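Tertiary structure, described
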Amino acid sequence: MHRLLVPLLLAACTPGVAPDSAGGPDSGAFDPGPSPYRLDDTLRFHHVQALGTHNSTHMEPDSVVHPSHAYTHAPLTQQLEEQGVRALELDIHRHVDDGFHVFHLPVVDAETTCLRLADCMGEIRAWSRQNPWHMPLMIWLEPKDEDMDAAVPEYEMFVDRHDELEDALLDGLGRDRIFTPDDLRGEHADLPTALAAEGGWPTLGELRGRVVLSMLDSGTHAEAYLAGNPALEGRLMFVGTADPSQPHAATAKINDAAGAGDTIADALAAGIVVSSNLRDGPEHDEATGTAHLVDSLAAGAGFLKSDRPAPVDGWSSSIPGGTPARCNPVTAPPECTPADIEALP
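This write-up is about the structure you can find in this document.

Criteria and thresholds
- Sequence order sets the numbering: in each chain, residues are counted from 1 along the sequence as written.
- Confidence filtering applies because this is a predicted model: local features only for residues at pLDDT of at least 70, side-chain atom pairs given and counted only at 80 or more, and all residues used for totals across whole chains, interfaces and linings.
- Values reported for side chains reflect all heavy atoms of the structure, with hydrogen atoms and water molecules removed beforehand.
- Each nonpolar core is a collection of buried residues, namely Ala, Val, Leu, Ile, Met, Phe, Trp, Tyr and Cys, held together in the definition by side-chain atoms within 4.5 Å.
- Working definition: with a 1.4 Å probe on protein chains only, accessible area under 20% of the residue-type maximum means buried, over 50% means exposed, and in between means partly exposed.
- The contact criterion used throughout is that any non-hydrogen atoms of two residues lie within 4.5 Å.
- When two cysteine sulfur atoms are found within 2.5 Å, that pair is recorded as a disulfide.
- Counting from the N terminus, the helices are the DSSP runs of H or I reaching at least four residues and the strands are the DSSP runs of E reaching at least two.
- The span you would expect from a helix comes to 1.5 Å times its residue count less one.
- Along the arc lie the directions from the helix axis toward the C-beta atoms.

Another point: the nonpolar core. Grouped together as the largest cluster of nonpolar side chains are 77 residues, with contacts concentrated most on Leu117, Trp201 and Leu213. Not counting residues within four places of it along the chain, the set of residues in contact with Leu213 comprises Ile139, Leu141, Leu169, Leu173, Ile178, Leu236, Met237 and Phe238.

Overall, the coordinates contain two disulfides when judged by the stated rule. Two residues share a disulfide in this structure: Cys114 and Cys120, whose sulfurs sit 2.2 Å from each other. On the sign convention where negative is left-handed, the bridge of Cys114 and Cys120, at about -135° about the S-S bond, is left-handed. A relative accessible area of 5% places Cys114 in the buried class.

With twelve residues, helix 4 (residues 162-173) ought to run about 16 Å at 1.5 Å a step, and its terminal C-alpha atoms sit 16 Å apart, in line with that. Every buried residue of helix 4 is accounted for by His162, Leu165, Glu166, Leu169, Leu170, Gly172 and Leu173. Down the axis, helix 4 shows its buried residues gathered within 170° of arc, on one side only. Looking one or two residues beyond helix 4, the residue adopting positive phi is Gly174, at roughly 90°.

Quick look at the structure:
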């Protein structure tokens, strides 16, 4: 049995109550009261569309070696609080002395608003604590040690150290704040079976104040993380795949939802929550970015990853009608309105 399975199964998570970790600076009983949202027992995680950010802690380096690196994100708290961002993407590296770090690439694109993973998680946790009725957050974690880390002495490969990564995430967020594959699967054999049997993901009422973690990898990291637990038994993170036949299929990152055709249609039909990149980075113009946003929303992507969640050069990406999220036109029931998902003050 994986070492995390027992504590995960024993953790108590009360539906409709934004939970606290058993430990850490904000531990202790916490009950924000009854939900203010009328459809919390109807709407589910796969019924929403919300803005996310790509390389969420990225800052433009002093010397730009590639045009796509020429952008700067606000700190995570500001993204969540002011820009309506509800999905983050963190590039993960392991420092030989300082644990897990968050930035894009060593040397050439390493500027970041939040270097230590522990600090990034603490920032997210603090915001979540202060906003107990937020819709569930999607956080993608992308191992980057197969790029340039092997050539940089300060960083090391960590494909055999995923337990350490899970420990860092647990320490930063707290178990009760994380919705895991075990939580989704329940008594079912695998995640697709659970999604089919239960009508998809849990309701927003069950997931408010919580975080869904997913590994963004289809190579050695995903293989190692799934080894011995193909349906992610006992694991903390989901692993992205758009193939509904895979026993771990529940989240997917499809880079271009607008051009994904049957791939995204099949994923959505199976209840998979899809994230997708937008074409709004510094290498794209406003006409291209706007058209791609419209097409990606129409395709049913749940989380749209942006390099421009706030205006730069007079334009940005946003969710039309979102408050900050809106109802997914492909998956949401007709009675859904944006205010039923989340309503910012």
